[in-house]
Amino acid sequence: MADSRPPTSRRGNGVTDTKQDVPFEGLSIAGERYEASDGAVREIHDPSTNTVIARVARATTDDVNRAVRAAYERFAAGEWRRASARRRGEVLGNVAALIRTNQERLAQLESRNAGKPIAAARSEIGSVATTFAFYAGAVDKVHGQTIPGAADGTVMTFREPLGVCGAIVPWNFPMLILSWKVAPALAMGNSVVVKPAELTPLTALAMADLAIEAGLPEGVLNVIPGSGSTAGHSLVRHPLVRKISFTGSTGVGTRVMQAAAEDITRVSLELGGKSASIVFADADLDTCVESSVSAVYDNAGQDCCARSRVLVERSIHDEFVRRFAQRAEQLRLGRTDDEATEFGPLISPGRRETVEGYVDLGKEEGATLVTGGQRPNGDLGDGNYLTPAVFTDVRSDMRLVREEVFGPVVGIQPFDSEDEAVALANDSIYGLSGSLWTRDVGRALRVARAVETGMLSVNSSNSVHIEAPFGGMKQSGIGREQGMVALDHYSEYKTVFIADT
Ligand code: NDP
């Protein structure tokens, strides 16, 4: 790393900028904090009040180059990639332990930066620790093979790290999605450069500090907040970056894949979704309604796995809508630091306007707005809140049904047969997640096989199991995160033949 600029802060959560009275956070490169090479800074807001909570350096292309160079030099030096699997596991285990020790501080940070109810933020940070613990235990279970074949020698495979991996992370689950990329990449011995979303860089920077405290060599993990068009694009195009793991919208994912193609940089993409929940008349309606409401409105609907299309067998459609709307109206909107809050703000004023645009569009397209889609008054007026919206009388050709709204909006649609339910569920460019509600095991298996989706839950809305593959079919992405399969995305096979002598 060839930069003589003094670090603006070392470790910790940044130093308070006395002029602004909020903490300043520098780029984290090789264990030090740096201002951006052009001095650019971005203000970070609390979505529940829209007040400034931090100022963060905004990486330029030069800064990205410096971070990649630092990561590459540390990879080439070899102390991490050549460390024993057991040692890498110990360090990842230390990371998990430090995250648990710091869980409350990290949860507060994530809650304020991403607008999450504090209880949800605590749970997410717990899952981050679980992710690192999983890969800490997985590292020494990954190995090559000795393959029978040639009579005149021995064929074997080695599993080798790729080199520098770039991780591009969205704002909806900032630290959790970071962990899904960073933990398996580090487990296999790679170096990593993380580009967090511009809106939510704070826990990513905290993560870089904790990794060093856990014993990770400096330069193996670097975090460079900055814009997608500059920092993100420069990371994808850097010739020393061997792999990009991207989570975000399908539109940006397309551009990332095109840019990565220039150097045959490996990509894995976790993209958008428009997942369906199929509710048959024999479902346990109490459990189904409660779970389906969470599956649409958790994280204020800003969830790639949100079941924003609910398909309900016609005989119970009206009853389902009545109960669903009633429960949606009961969801407790509130400040993110209130322990009782179930439903927080949208990430930014712009995102709320986009979602409001979809509410207007739904009405123009002829759908019926049963409830919600309003800005609340009173105490919450300064934040980006929008009440949970429920639409009925939707058709599959409506944009409201075809496009990912990424906000608290659901469309409920009746069906008359199992075949029609499957056809409606599959009538989408996406195929990320979904649910199926029935007590009939035979039907559950038939429909589970027929729905084109990466993940499907029967009588549940849970999509995330750290031990199992996570990812989508069709335009929802390429590759899988989590589970042992993620380790394949961060390693190469090398085949070695040794002739008998
Ligand atoms: P975006 O696609 O806008 O951004 C994702 C990340 O990519 C951000 O860090 C962004 O930077 C960066 N980026 C933007 N442009 C470029 C570029 N040209 N080159 C490289 N990087 C770039 O998505 P959002 O942040 O708005 O997240 C919401 C989307 O993410 C939804 O569509 C959702 O479905 C999807 N998502 C998918 C998940 C999955 O696992 N399948 C999980 C979570 C979300 P910047 O911060 O500057 O915008």
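Residues numbered from 1 in each chain as written. Predicted model: local features only at pLDDT ≥ 70, side-chain atom pairs only at ≥ 80, totals over all residues. Heavy atoms only, no water.

**Some remarks on the site of the ligand**
Stated formally: A molecule or strand has a residue near it when one of that residue's heavy atoms lies within 4 Å. Throughout this description, a polar contact denotes any pair of N or O atoms lying within 3.5 Å of each other; where both atoms belong to protein, one of them has to be capable of donating a hydrogen while the other can accept it, and for residues adjacent in sequence the pair is counted only when both atoms sit in side chains. Each accessible area is a Shrake-Rupley result for a 1.4 Å probe, and residues are judged covered by the shown protein chains and nothing else. Working definition: helices are DSSP H or I runs of at least four residues, strands are E runs of at least two. Numbering for both runs from the N terminus.
As a matter of local geometry, the ligand sits amid 28 residues, with E198, G228, S249, L271 and E404 nearest to it. Here E198 contributes a backbone N or O atom positioned 2.5 Å from an oxygen atom of the ligand. Between the ligand and G248, the relevant distance is 3.3 Å, taken from an oxygen atom to a main-chain nitrogen or oxygen of the residue. Here the ligand has 900 Å² of accessible area as a free molecule, and 87% of this is covered by the chains. Within the residue set of the shell around the ligand, elements represented by two or more residues are helix 7 (228-237), strand 12 (241-247) and helix 8 (250-261).

**Digging into the environment of V410**
Mapping V410 onto the fold places it in strand 18 (residues 409-415). For the pair V410 and R307, spaced 103 residues apart in sequence, the C-alpha separation works out to 7.9 Å.

**Things to note about the packing of helix 7 against helix 8**
Counted only if it meets this: Axis angles are defined between N-to-C directions and span 0 to 180 degrees, where every axis is a line fitted to C-alpha atoms and, for a helix, only to the segment in contact. It only takes one pair of heavy atoms within 4.5 Å for two residues to be counted as in contact. Under this grouping Gly is polar, as are all residues other than the nonpolar Ala, Val, Leu, Ile, Met, Phe, Trp, Tyr, Cys and Pro and the charged Asp, Glu, Lys and Arg.
Following both chains from N to C, one finds helix 7 and helix 8 inclined at 35°, their axes separated by 8 Å at the closest point. Between helix 7 and helix 8, the contacting residues are H233, V236 and R237 on the first element and V256, A259 and A260 on the second. A breakdown of the residues in the contact of helix 7 with helix 8 according to their chemical character gives four nonpolar, one polar and one charged.

**Side note on the sheet that holds strand 21 (residues 457-458)**
How we decide: At least two DSSP bridges between two strands are needed for those strands to be called paired.
With mixed pairing, seven strands are arranged side by side in an open sheet as 16-17-18-15-14-20-21. Of all the strands in the sheet, the pair left with one neighbour each is strand 16 (368-371) and strand 21. As defined by bridge partners, strand 15 (residues 309-313) adjoins strand 18 across five bridges and the pair is classed as parallel. Paired with V310 across the strands is I412, a residue of strand 18. Sheet contacts for helix 13 (residues 418-426): strand 14 (276-279), strand 15 and strand 18; angle to strand 18, the most-contacted strand, approximately 150°.

**Regarding the pairing of strand 9 (residues 164-168)**
This is how the line gets drawn: For every residue, the accessible area (1.4 Å probe, protein chains only) is compared with the maximum for its type, and the residue is labelled buried under 20%, exposed over 50%, or partly exposed between those bounds. When the strands point away from the viewer and the path from the first strand over the helix to the second turns clockwise, the crossover is right-handed.
Counted residue by residue, strand 9 has five buried out of five residues, so it is predominantly covered. Taking every second residue as pointing to the same face, both faces of strand 9 are buried, with V164, G166 and I168 on one and C165 and A167 on the other. Here strand 9 pairs with strand 10 (residues 191-195) via five bridges, running parallel. The residue of strand 10 that forms the bridge with A167 is V194. Handedness of the crossover is the feature at issue here: the chain leaves strand 9, passes through helix 5 (residues 174-187), returns alongside strand 10, and the resulting connection is right-handed. Here strand 9 runs beside strand 12; their pairing, made up of five bridges, is parallel.

**Section: the packing of helix 2 (residues 85-101) against helix 4 (residues 118-138)**
The cut-off we apply is this: Roughly parallel means an angle under 35 degrees; roughly antiparallel, over 145; roughly perpendicular, 65 to 115; everything else is oblique. Handedness of a crossing follows from how the near helix is turned relative to the far one, being left-handed for an anticlockwise turn of less than a right angle and right-handed for a clockwise one.
Interaxial distance between helix 2 and helix 4 falls to 8 Å at its minimum, and their mutual angle equals 165°. Between helix 2 and helix 4, the angle is such that the two are roughly antiparallel. In the packing of helix 2 onto helix 4, the handedness of the crossing is left-handed. Where helix 2 abuts helix 4, its residues G89, L92, G93, V95, A96, I99 and R100 lie against I125, V128, A129, T130, F132, A133, Y135 and A136.

**As for the nonpolar core**
What counts, and what does not: Only buried residues count toward a nonpolar core, which is a set of Ala, Val, Leu, Ile, Met, Phe, Trp, Tyr and Cys residues joined through side-chain atoms within 4.5 Å.
Core analysis: the biggest nonpolar cluster contains 65 residues, and I99, F132, Y135, V194 and M207 have the highest contact counts within it. Per element, the largest residue contribution to this core is 10 residues, and it comes from helix 5. Ignoring anything within four residues of it in the chain, the contact list for Y135 reads L92, A183, P184, A187, I466, Q482, G483, A486 and L487. Grouped together as the second largest cluster of nonpolar side chains are 37 residues, V312, V321, A389 and V390 included.

**Some thoughts on the pairing of strand 18**
Buried residues dominate strand 18, accounting for six of its seven residues. Taken together, the three bridges between strand 17 (residues 389-392) and strand 18 define a ladder with parallel strand orientation. Each bridged residue has a counterpart across the sheet, and for A389 the counterpart in strand 18 is V409.

**Some details on the pattern of salt bridges**
Side chains that carry opposite charge are capable of pairing whenever their charged atoms lie near each other. Our working definition: By salt bridge we mean one thing: a side-chain nitrogen of Lys or Arg within 4 Å of a carboxyl oxygen of Asp or Glu.
All chains considered together, the criterion is met by 30 salt bridges. The closest approach of N and O atoms between D282 and R443, which form a salt bridge, is 3.3 Å. Here the residue D282 occupies a position in the loop between strand 14 and helix 9 (285-297), and R443 occupies one in helix 14 (residues 441-450), the gap between them amounting to 161 residues. When its relative accessible area of 24% is taken as the criterion, D282 is described as partly exposed.

**A word on the sheet that holds strand 7 (residues 146-147)**
Taking strand neighbours across the sheet as the criterion, the three strands line up as 7-8-24 in an open arrangement whose pairing is antiparallel. One side of each edge strand has no neighbouring strand; the edge strands of this open sheet are strand 7 and strand 24 (491-499). Of the strand pairs in this sheet, strand 8 (residues 153-161) and strand 24 are connected by nine bridges, and their pairing is antiparallel. Bridging from a neighbouring strand, T154 pairs with I498 of strand 24.

**Things to note about the confidence of the model for the chain**
Rules: A residue's pLDDT is the confidence the predictor assigns to it, expressed on a 0 to 100 scale.
Of the residues in the chain, 96% have a pLDDT of 70 or more, and the chain-wide mean is 95. Here residues 1-18 scores under 50 on pLDDT; set against residues more than four positions off or in separate chains, the count is 49 contacts.

**Considering unusual backbone geometry**
Phi angles above zero are rare outside glycine, and A30 is one such case at about 50°. Tracing the backbone shows A30 in the loop between strand 3 (27-29) and strand 4 (32-34). You will see that I264, though not glycine, has its phi angle at about 50°, which is positive. Relative to the elements of secondary structure, I264 occurs in the loop between helix 8 and strand 13 (266-270). We classify I264 as exposed; its relative accessible area is 65%.

**Things to note about the packing of aromatic side chains**
Operational definition: In this analysis, rings of Phe, Tyr and Trp, with Trp reduced to its six-membered ring, are considered paired at centre separations within 6.5 Å, and the interplanar angle assigns stacked below 30 degrees, edge-to-face beyond 60, and tilted for intermediate values. Whether a charge lies above a ring is judged from NZ of Lys or CZ of Arg, which has to be within 6 Å of the ring centre and within 35 degrees of the ring normal.
A full pass over the atoms with the stated rule returns seven aromatic pairs. Residues F134 and Y135 carry aromatic rings whose centres are separated by 4.9 Å and whose planes lie at 90° to one another, so their mutual orientation is edge-to-face. Three or more aromatic residues link up through ring pairs in this structure, and these residues are Y297, F320, F324 and F343. For R66, the ring lying beneath its charged end belongs to Y34, and the centroid distance is 5.2 Å. Directly above the aromatic system of Y490 lies the positively charged group of K243, at a separation of 4.9 Å from the ring centroid.

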